[in-house]
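Read off the chains here:
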Amino acid sequence: MSDPAVRLCGLRKSFGGVHAVTGVDLDIADGEFFAMLGPSGSGKTTVLRMIAGFEAPTSGTVELGGADVTRLAPFERDVNTVFQDYALFPHMDVLGNVEYGLRVKRVPRAERRGRALAALASVRLEGYERRRPGQLSGGQRQRVALARALVNRPRVLLLDEPLGALDLKLREEMQVELKSIQREVGITFLFVTHDQEEALTMSDRVAVFNEGRIEQVGTPAEVYERPATAFVASFVGTSNLISGEAAQAVLGKEGTFSVRPEKLRVAALGDPVDGAEHSATGTVSEVVYAGPATRFVVELDAGGRLIALQQNLQVSSMDVTGLRGTRVRLVWQRRHEFAIVP
Amino acid sequence: MNLSRTARATLWAALAGGLAVIYVPLLVVLLNSFNADRTFGWPPTGFTLRWWAAAWNSTGVRDALWTSVQAGLGATAIALVLGTMVAFAVQRYSFFGRDAVSLLIILPIALPGIVTGIALNNAFRTVLEPFGVGLGMFTVVVGHATFCVVTVYNNVLARLRRLGASVEEASADLGADAFTTFRLVTFPMMRSALLAGGLLAFALSFDEIIVTTFTAGAGVKTLPLWIFENLFRPNQAPVVNVVAAALIVLSVVPIYLAQRLSGGGASAR
Ligand SMILES: Nc1ncnc2c1ncn2[C@@H]1O[C@H](COP(=O)(O)OP(=O)(O)O)[C@@H](O)[C@H]1O
Ligand SMILES: [Mg+2]
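How each quantity is defined
Residues numbered from 1 in each chain as written. Chains lettered and ligands numbered in written order. Predicted model: local features only at pLDDT ≥ 70, side-chain atom pairs only at ≥ 80, totals over all residues. Heavy atoms only, no water. Near = heavy atom within 4 Å. Polar contact = N/O pair within 3.5 Å; in protein donor to acceptor, adjacent residues only side chain to side chain. Areas by Shrake-Rupley, 256 points an atom, 1.4 Å probe, with all protein chains shown as cover. Helix = DSSP H or I, 4+ residues; strand = E, 2+ residues; numbered from the N terminus. Nonpolar A, V, L, I, M, F, W, Y, C, P; charged D, E, K, R; others polar. UniProt positions renumbered as here; feature names shortened; annotations may be inferred. Buried < 20%, exposed > 50% of the residue type's maximum accessible area, 1.4 Å probe, protein only. Pairing = 2+ DSSP bridges. Phe/Tyr/Trp six-rings, centres within 6.5 Å; stacked < 30°, edge-to-face > 60°. Domains from an automatic or database assignment. Buried area = accessible area lost by both parts, 1.4 Å probe. Salt bridge = Lys/Arg side-chain N within 4 Å of Asp/Glu carboxyl O. Axes fitted to C-alpha atoms, helices over the stretch in contact; angles between N-to-C directions. Parallel < 35°, antiparallel > 145°, perpendicular 65-115°, else oblique. Left-handed = near helix turned anticlockwise from the far one by under 90°. Contact = heavy atoms within 4.5 Å. pLDDT = per-residue confidence, 0-100.

A. Up close: the site of ligand 1. All names here are of chain A. Taken together, the neighbourhood of ligand 1 is formed by Phe15, Val18, Ala20, Pro39, Ser40, Gly41, Ser42, Gly43, Lys44, Thr45 and Thr46. A distance of 2.6 Å separates an oxygen atom of ligand 1 from a polar atom in the backbone of Gly41. Contact distances for ligand 1 include 3.1 Å between an oxygen atom and a backbone N or O atom of Ser42. If ligand 1 stood free it would expose 560 Å²; the protein chains cover 60% of that surface. Sorting the residues of the shell around ligand 1 by element identifies β2 (18–28) and α1 (44–52) as the ones contributing at least two each. Among the elements that make up the shell around ligand 1, the one with the highest residue count is α1 (3 residues). Its residues assigned to classes, the shell around ligand 1 shows 4 nonpolar, 6 polar and 1 charged.

B. Expanded view of the UniProt feature "domain: ABC transmembrane type-1" (unreviewed entry) in chain B. Within this structure's numbering, the places UniProt gives as "domain: ABC transmembrane type-1" (unreviewed entry) are residues 65–258 of chain B. Between the first and last C-alpha atoms of residues 65–258 of chain B the distance is 22 Å; the span itself is 81% helix and 0% strand.

C. Summary view of the UniProt feature "domain: ABC transporter" (unreviewed entry) in chain A. Under the present numbering, the feature "domain: ABC transporter" (unreviewed entry) in UniProt falls on residues 6–236 of chain A. In residues 6–236 of chain A, the share of helix is 36% and the share of strand is 26%. The end C-alpha atoms are 24 Å apart.

D. How the structure looks around the pairing of strand β6 (residues 79–82) of chain A. All names here are of chain A. Side-chain alternation along β6 places Val79 and Thr81 on one buried face and Asn80 and Val82 on a second face that is also buried. Summarising the sheet, β6 and strand β7 (residues 156–160) pair through 4 bridges and their orientation is parallel. Bridge assignment links Val82 to a residue of β7, and that residue is Leu159.

E. Looking closely at the packing of aromatic side chains. The tally for this structure, following the rule as stated, stands at 9 aromatic pairs over all chains. A ring pair is formed by A:Phe33 and A:Phe189, whose centres lie 5.5 Å apart and whose planes are at 35°; its orientation type is tilted. One end of the pair, A:Phe33, is in strand β3 (residues 33–37); the other, A:Phe189, is in strand β8 (residues 188–193), and 156 residues separate them in sequence. Overall, the relative accessible area of 0% leaves A:Phe33 in the buried class. Considering the side-chain rings of B:Phe202 and B:Phe206, the 5.5 Å spacing of their centres and the 25° angle between planes classify their relative orientation as stacked. Of this pair, B:Phe202 and B:Phe206 both sit in helix α8 (residues 178–206), separated by 4 residues, roughly a single helical turn.

F. Fine view of the domain arrangement of chain A. All names here are of chain A. For chain A, the assigned domains are domain 1 (6–229) and domain 2 (241–339). Taking the mean C-alpha position of each, domain 1 and domain 2 sit 40 Å from one another. When domain 1 packs against domain 2, the two sides together hide about 530 Å² of surface, and 45% of this comes from carbon and sulfur. Ranking the residues of domain 1 by area buried against domain 2 places Tyr224, Glu225 and Pro227 at the top, with a combined share of 79%. Here Lys263 ties to Glu225 by a salt bridge, and the two come within 3.0 Å at their closest N and O atoms. At the surface where domain 1 touches domain 2, the tally comes to 3 residue pairs in polar contact (both at pLDDT 80 or more). Each residue belonging to the side of domain 1 that touches domain 2 can be placed in one class, and the counts come to 3 nonpolar, no polar and 2 charged.

G. Molecular detail of the packing of helix α6 (residues 137–163) of chain B against α8(B). Residue and element names in this part refer to chain B. Across the interface, α6 lies against α8 with an axial gap of 8 Å and an inter-helix angle of 155°. In this view, α6 runs roughly antiparallel relative to α8, as classed from their interaxial angle. In terms of crossing hand, the pair formed by α6 and α8 is right-handed. Only Met189, Met190, Ser192, Ala193, Leu194, Ala196, Gly197, Gly198, Leu200, Ala201, Leu204 and Ser205 of α8 make contact with α6, whose side of the interface consists of His144, Phe147, Cys148, Thr151, Val152, Asn155, Val156, Arg159, Leu160 and Leu163. In terms of residue class, the contact of α6 with α8 is made up of 14 nonpolar, 7 polar and 1 charged.

H. The confidence of the model for chain B, seen in detail. All names here are of chain B. Mean pLDDT over chain B stands at 86; residues scoring 70 or higher make up 96%. No element of chain B has a lower mean pLDDT than helix α11 (residues 237–263), which averages 82, and none a higher one than helix α7 (residues 166–173), which averages 92. ipTM for the predicted complex: 0.81, alongside a pTM of 0.77.

I. View of the packing of helix α2 (residues 94–104) of chain A against helix α4 (residues 138–150) of chain A. Residue and element names in this part refer to chain A. Two numbers describe how α2 lies on α4: the axes approach to 7 Å, and their chain directions differ by 30°. With respect to α4, the element α2 is oriented roughly parallel. Between α2 and α4 lies a crossing of right-handed hand. Residue-level inspection shows Val94, Asn97 and Val98 of α2 in contact with α4, the latter providing Val144, Ala147 and Arg148. Split by residue class, the contact of α2 with α4 holds 4 nonpolar, 1 polar and 1 charged.

J. Representation of the interface of chain B and chain A. Contact residues are listed per partner, giving 20 residues for chain B and 24 residues for chain A. At the boundary of chain B with chain A, total buried surface from both sides reaches about 1,800 Å², with 62% on carbon and sulfur atoms. The interface formed by chain B and chain A holds 1 salt bridge in total. A salt bridge links B:Glu169 to A:Arg49, with the shortest nitrogen-to-oxygen separation between them at 2.7 Å. Taken together, the connections running from chain B to chain A amount to 8 residue pairs in polar contact (both at pLDDT 80 or more).

In structure tokens, the structure reads:
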């Protein structure tokens, strides 16, 4: 197998007394669309900046394609960054911005013009070559930043919350587009986001960050269906934990367990439960009608609470809102409950 | 805001009064430089360019003008170099005493000119004279530079604050080394701030008289010094008036341009 596009070993970074990154080990394969997901302040940007070369690690190493680049300056590394605020050059037009990387690498004028125009075409910005960044909308600036980085054909493209400044509709459009651009160019994308839905829908694999370290790495399905820790369970999707005495009473075992809300079925108290299923009785304390689905908050008799998400296949808002206060049985497949690190 | 009619009228009157106090005397100087009447009788009896021609032909005025330009250019050059370097140091690096440096740079503009003047005069005579360097053009340039640095410093600092460091990081990220980044990104975005700071510095130097009095030796006569010397010679009065009018124009133009450059952010944003 070839060397990973990016390999981080024991990476740490402290700013004075602030420990921003506290030990990150990670391999990212060539051609992967990889997301770093985590709440604000969890160290994602700092990791990205160490890969780009803007920050020197306190300890640990950064490898790109098998070569140790920890001590190299940013301009000596074969990576390019799409900055959170885009950082376009305000005194150059769009074409000047996109050509910049080729210009400083002394690519002949004709070739760099051709490549820059092709990069602008790939982000659907033909006809904007002579505009200044100040004359573009947020979404267009984002595309220029992307083209400016892609035109250099780096080994790895680093993107720091590239869609964060866009409104919801544009963001969803750009998610699809980014994904297809990545498939087209075949470059490794390393993507930072605090939006779990964005991470799950776009990436091949996700690393979930918390307090400067990685809690779990896996495919979106793995991270979502089988969260390894309580933090992942609550940050990716809705936290639905059964622990302590409730675990003893309901599941007959010790520990902390997670079940995703959509895996729970809201049944009548007397409904039958088969051998492959677990169930718990409780009282509905809250009913939230949300169009295609309804969210039930159920206080368990054994202690704790679970949230169940039910598709509104037959019901309408008129039916469900009257269910508050009723006694129900929550039923789920045993294979959908997972032990997690509390 | 909802102001009563009288309150609004009062404010307008105050504004008009304030501006009149400042600008009517300047206007009178300008008009009198074209006044045909040698004693500046009012209203002017006729229009003449005689005084302007006389001023132009006066070697004293020409020499003084040239001296002022030299002093202004020298002080501006020093201010550009020092002001830019200090602004970069203060904005980009944190070091012990950074706030103190910032204050020390700004202070000379607030210090009374006479204090700066006496202090510089003493310093130059005790430090430079033993080396055979007397008061002269060099000491005037250094004296002016002390208060000119601040205009460049302020302009460059404001620009650096607004730009942030991320465009420079973007440049490095795209493969440019530090020198290339400075040449293609930092300097071009800095240019109008440097020009604005330099113009202001030149304007400050050009009409300075107090510090100049204390730092200019016998041989150096700037335009303001020339005016002061000839102010009370009745036969020179019309020429003094012309020089004053010229000074007004020469100081206003750089300040107007500087305002446009530092305020008009369209090109730099
Ligand atoms: N240059 C810096 N100086 C001091 N603290 C910093 C610096 N950069 C980041 N930090 C701190 O490091 C932590 C992680 O920040 P960051 O990597 O930006 O997180 P994220 O991108 O996940 O929001 C935060 O507590 C932040 O305040
Ligand atoms: Mg961040």
